[in-house]
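# Structural overview
Spelled out, the chains give:
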Amino acid sequence: MIYLDNAATSWPKPPEVLIAMTDALEHAGGNPGRSGHRLSIAAARVIYDTRETIASFFGVSDPLRVIFTGNATHAINLALKGMLKPGDHVVTSSMEHNAVMRPLRNLDREGVRLSITPCATDGSLDVQEVARAVTSGTRLVVMTHGSNVVGTIILVAEIASIAHRAGALLLVDAAQTAGALPINMSEMGIDLLAFTGHKELQGPPGIGGLVIADNIDISQIEPLIRGGTGSRSESEEQPDDLPDKFESGTANLAGIAGLGAGLKWIQERGIDEIRNHLKKLSRSLIDGLSSLPNVKVYGTLDPERSVAIISFTVDGMRISEIGLRLDEEFGVLSRVGLHCAPAAHKTIGSFPEGTVRLAPGVFTTIDDIQKAIQAISRMVRS
Ligand SMILES: Cc1ncc(COP(=O)(O)O)c(C=O)c1O
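An account of the accompanying structure is given in this report. For clarity, every value in this text was computed on a predicted model and none was experimentally measured. (Residues numbered from 1 in each chain as written. Predicted model: local features only at pLDDT ≥ 70, side-chain atom pairs only at ≥ 80, totals over all residues. Heavy atoms only, no water.)

## Considerations on the sheet that holds strand S10 (residues 310-314)
Strand order in this open sheet of 4 strands is S9-S10-S13-S12, and the pairing throughout is antiparallel. Where the open sheet ends on each side, the last strands, each with one partner, are strand S9 (295-297) and strand S12 (335-337). Geometrically, the sheet is characterised by an average inter-axis angle of 30 degrees between neighbouring strands, direction not taken into account. Taken together, the 3 bridges between S12 and strand S13 (residues 355-358) define a ladder with antiparallel strand orientation. Each bridged residue has a counterpart across the sheet, and for valine 336 the counterpart in S13 is valine 356. Across the sheet, helix H9 (residues 271-290) is in contact with S9, S10 and S13; its angle to S10 comes to roughly 10 degrees. (Pairing = 2+ DSSP bridges. Helix = DSSP H or I, 4+ residues; strand = E, 2+ residues; numbered from the N terminus. Axes fitted to C-alpha atoms, helices over the stretch in contact; angles between N-to-C directions. Contact = heavy atoms within 4.5 Å.)

## Concerning the site of the ligand
Residues in close proximity to the ligand total 13 residues, the closest being Thr73, Asp173, Gln176, Thr196 and Lys199. One of the side-chain nitrogen or oxygen atoms of histidine 198 is found 2.8 Å away from an oxygen atom of the ligand. Between the ligand and the protein, one listed contact pairs an oxygen atom with a side-chain N or O atom of lysine 199 at 2.6 Å. Calculation on the ligand without its partners gives an accessible area of 390 Å², and the protein chains cover 89% of this total. Partitioned by chemical class, the residues of the shell around the ligand number 3 nonpolar, 8 polar and 2 charged. (Near = heavy atom within 4 Å. Polar contact = N/O pair within 3.5 Å; in protein donor to acceptor, adjacent residues only side chain to side chain. Areas by Shrake-Rupley, 256 points an atom, 1.4 Å probe, with all protein chains shown as cover. Nonpolar A, V, L, I, M, F, W, Y, C, P; charged D, E, K, R; others polar.)

## Remarks on the side chain of aspartate 88
Along the chain, aspartate 88 turns up in the loop between helix H3 (72-83) and strand S3 (89-93). Here aspartate 88 falls in the buried class, since its relative accessible area comes to 16%. In this structure the side chain of aspartate 88 is engaged in a polar contact, spanning 2.7 Å, whose partner is the backbone nitrogen of lysine 85. Residues contacting aspartate 88, with those up to four places away along its chain left out, are Met83, Val112, Arg113 and Arg139. (Buried < 20%, exposed > 50% of the residue type's maximum accessible area, 1.4 Å probe, protein only.)

## Here we look at the packing of helix H1 (residues 15-27) against helix H8 (residues 253-269)
In a pair of packed helices, the angle between the axes and the distance between the axes together describe the arrangement. One can describe the packing of H1 onto H8 by two numbers: an axis separation of 8 Å at closest approach and a directional angle of 145 degrees. In this structure, the crossing between H1 and H8 has a hand that is right-handed. Counted together, Glu16, Val17, Ala20, Met21, Ala24 and Leu25 of H1 and Leu253, Ala254, Gly255, Ala257, Gly258, Ala261, Gly262 and Trp265 of H8 form the full contact between these two elements. Its residues assigned to classes, the contact of H1 with H8 comprises 10 nonpolar, 3 polar and 1 charged. (Left-handed = near helix turned anticlockwise from the far one by under 90°.)

## Concerning the nonpolar core
Judged by nonpolar contacts, the single largest core of 123 residues is most densely connected at Phe58, Leu210 and Leu289. Here this core gathers at least three residues from each of two domains, domain 1 (2-10 + 270-381) and domain 2 (15-268). Beyond its immediate sequence surroundings of up to four residues, leucine 210 is in contact with Arg65, Val66, Ile67, Thr69, Ala75, Leu78, Ala79, Leu171, Leu192, Leu193, Ala194 and Phe195. (Core = buried A, V, L, I, M, F, W, Y, C linked by side-chain atoms within 4.5 Å. Domains from an automatic or database assignment.)

## What about the pattern of salt bridges?
For the structure shown, the criterion picks out 12 salt bridges. Ionic pairing is found between arginine 325 and glutamate 329, a salt bridge with its closest N-O pair at 2.9 Å. On the criterion of helical spacing, the pair formed by arginine 325 and glutamate 329 is a turn pair, its members being 4 residues apart in helix H10 (residues 319-330). By relative accessible area, which is 48% here, glutamate 329 ends up partly exposed. In this structure, the salt-bridge partner of aspartate 367 is lysine 371, at a minimum N-O distance of 2.9 Å. One end of the pair is aspartate 367 and the other is lysine 371, both in helix H12 (residues 366-381) and 4 residues apart, which spans about a single turn. Look at aspartate 367 and you get partly exposed, because its relative accessible area is 41%. Relative accessible area serves as the criterion here: at 43%, lysine 371 is assigned to the partly exposed category. (Salt bridge = Lys/Arg side-chain N within 4 Å of Asp/Glu carboxyl O.)

## Quick notes on the pairing of strand S5 (residues 138-144)
Every other side chain in a regular strand lies on the same face of the sheet, so the side chains alternate between the two faces. The element S5 is largely enclosed, with a buried count of 6 among its 7 residues. Sheet topology places S3 next to S5; 3 bridges connect them, and they run parallel. Bridge pairing in S5 links histidine 89 to threonine 138. As defined by bridge partners, S5 adjoins strand S6 (residues 169-173) across 5 bridges and the pair is classed as parallel. Residue pairing across strands places valine 141 opposite leucine 170, the latter belonging to S6. Chirality of the crossover, the property in question, places the unit of S5, helix H6 (residues 156-165) and S6 among those that are right-handed. (Right-handed = clockwise from strand over helix to strand, strands pointing away.)

## Concerning unusual backbone geometry
Residues other than glycine predominantly adopt negative phi, and peptide bonds predominantly adopt the trans conformation. Residue leucine 242 is joined to proline 243 through a cis peptide bond whose omega torsion reads 0 degrees. Its location among the elements puts proline 243 in the loop between strand S8 (208-212) and H8. A positive phi is found at histidine 339, a non-glycine position, where the angle reads about 55 degrees.

Printed below as a string of structure tokens:
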């Protein structure tokens, strides 16, 4: 089997991740921040360790500014719904995943003013388009760092400068880039970063987070949910302290332990080495697919300007048939369709059918890529 669906979720996970999860449940199984006994303290330590690792991984100095959520969708909803009020202006791009688009469409109906900056057919975003859309009334710019359909990367630092000049904040959806590209929030000017644990960060599903930059005043963000935090239990009001203001309910201990181990695993290998490996795989996939008859490859076709996500279609073949045959006849696991991002497909010209998406991961080899290309070649020539 050749797993090329790492943009949906990465697989397999490093063994260290599985060990850390089991270990946390076996040896630190108390409820963190609730009881004062040793197992509760041990659980709190596991969680704090991961908070520290995430903060340093994304270039934030205060670990309490790492807010754990269930996934990137939850983190994006927390930021959007926590900040935007009727009358506020928000700017996004035409390449967004529905994790951004659906909450924005909903907020738009409630009176938030939404501008969608058009991207080019390769998914790239001209920063001048952002500059045209952002005004002095803009409260937030929200954009995906790397497209989940074609992998195209946006120029975060330039967009941050545009947002900041207008007095707006920048929320980055790093679902596809965290763990695949180096991200330093303070150097890049990112104010809010939503990430998910189960893709290139190598963690399990069910854990993600919102990282709030050191200089952001948290009084401008309302919690998405309120409830027990283990702190200030005498009060029936939500605490204002971090991270409790935004983290109600029992934490996902095993998920956080697994995510922490995933991050350490990445740090040991080095994010630059991972990036170089993924770039080589992309290059080989793009070149192989582009050489086949009747195959159209979408995106920049440039691994320097994208993460390792490649979309293609074949003239005269339905994408559902390609996905099914790749799985059943060749053991190549892909994802077909719209990938929860209809706006992106409208932008690149593949709506409503969608594309076949291939997403190698850290464990994919060049040999895997060659076999996948051979499989597609046999299909398109048969
Ligand atoms: C660009 C992008 N944003 C957000 C998400 C949502 O991530 P999750 O399903 O983990 O919340 C995804 C998932 O595929 C994604 O690709």
